[in-house]
Amino acid sequence: MPLKFYSTLASPPSLAVRQCLAYLNIQYELEDLDYSSGTHMSEEFAKKNPQKEIPLIDDDGFQLSESNAILQYLADKYAKDQTLYPKDLKERALVNHRLCFDLSTYYRNICDYAVNPMFFDYPRTDLALKKTHIALSNFNTYLERTGTKYAATNHITIADFQLATSTMCLESINFDLSDYPLVQKWYATFKQEYPELWKLLEPEMLVLTACEKNPPDLSHMVHPIHPVRKS
């Protein structure tokens, strides 16, 4: 049976997994869920993922959520060499660090500043902006210290899939990266060297840009965490 991939439009974690699936040329069956419908928060979906979050894969009955775990699983199972998720202990540790950094700091702060206000009743605050700048400064420093072309090594890794998708969220609101030249260079290199992956991200970025200009009406949604904007 083909791998089943549960995703939704303009979902950064889902897009990171989509890049990995494309890079590894993995055949899959797409279950494209409409986020605004709240399908992923249903009790039926909770049988597949108790966290009621997207993305999710079902690999012949093996169900796995959390985009970082999915990326690690796919790279370990399907990669034909060791560049995408290195076996070398120190290189793999750096890749794992960048994945953790994206989850705990980079995407978290970018999402709070750039993405959540598009969909939910959150203001863009000076504090959220400050945290985003701190995250960008951290990433710039990591790139300076390693001196590598990509986030952890001189080759693209699964960490770059996450970090590129997070950075795309900033581009969707025309965020200026010029104060972080190594991040800017890394992002431009990713686009130039992997145009097929950027072709996956660009249309989704434009969806976010459209949501920035015209926030979607989610007033019908009862979300357990996020405050829904009243119509």
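Above: the structure in question.
As the structure is a computational prediction, the values presented were derived from the model and not from experiment.

### Remarks on the sheet that holds strand 4 (residues 62-65)
- Reading across the sheet, the four strands line up as 2-1-3-4 and stay open at both edges, with mixed pairing between neighbours. Edge positions in the sheet fall to strand 2 (28-33) and strand 4, since each has one partner strand and no second. Neighbour to neighbour, the strand axes of the sheet diverge by 20° on average, direction disregarded.
- In this sheet, strand 3 (residues 56-59) lies alongside strand 1 (residues 3-8) in antiparallel orientation, the contact comprising three bridges. Bridge assignment links K4 to a residue of strand 3, and that residue is D58.
- Packing against the sheet, helix 1 (residues 12-23) makes contact with strand 1 and strand 2, and its axis sits at approximately 145° to strand 1.

### Things to note about the packing of aromatic side chains
- Overall, the coordinates contain 13 aromatic pairs when judged by the stated rule.
- On the numbers, 5.1 Å between centres and 45° between planes, the contact of F62 with Y73 is tilted. With F62 in strand 4 and Y73 in helix 3 (residues 67-78), this residue pair connects regions lying eleven residues apart in the sequence.
- On the basis of relative accessible area, F62 is assigned to the partly exposed category, the value being 39%.
- Grouping aromatic residues by their ring pairs yields a cluster made of F101, Y106, F139, Y142, W186, Y187 and W198.
- Positioned over the ring face of Y85 is R92, at 3.5 Å from the centre of the ring.
- The residue whose ring lies beneath R124 is Y113, and the NZ or CZ to ring-centre distance is 5.5 Å.

Reading guide: rules and limits
Residues numbered from 1 in each chain as written. Predicted model: local features only at pLDDT ≥ 70, side-chain atom pairs only at ≥ 80, totals over all residues. Heavy atoms only, no water. Pairing = 2+ DSSP bridges. Helix = DSSP H or I, 4+ residues; strand = E, 2+ residues; numbered from the N terminus. Axes fitted to C-alpha atoms, helices over the stretch in contact; angles between N-to-C directions. Contact = heavy atoms within 4.5 Å. Phe/Tyr/Trp six-rings, centres within 6.5 Å; stacked < 30°, edge-to-face > 60°. Buried < 20%, exposed > 50% of the residue type's maximum accessible area, 1.4 Å probe, protein only. Lys NZ or Arg CZ within 6 Å of the ring centre and 35° of its normal.

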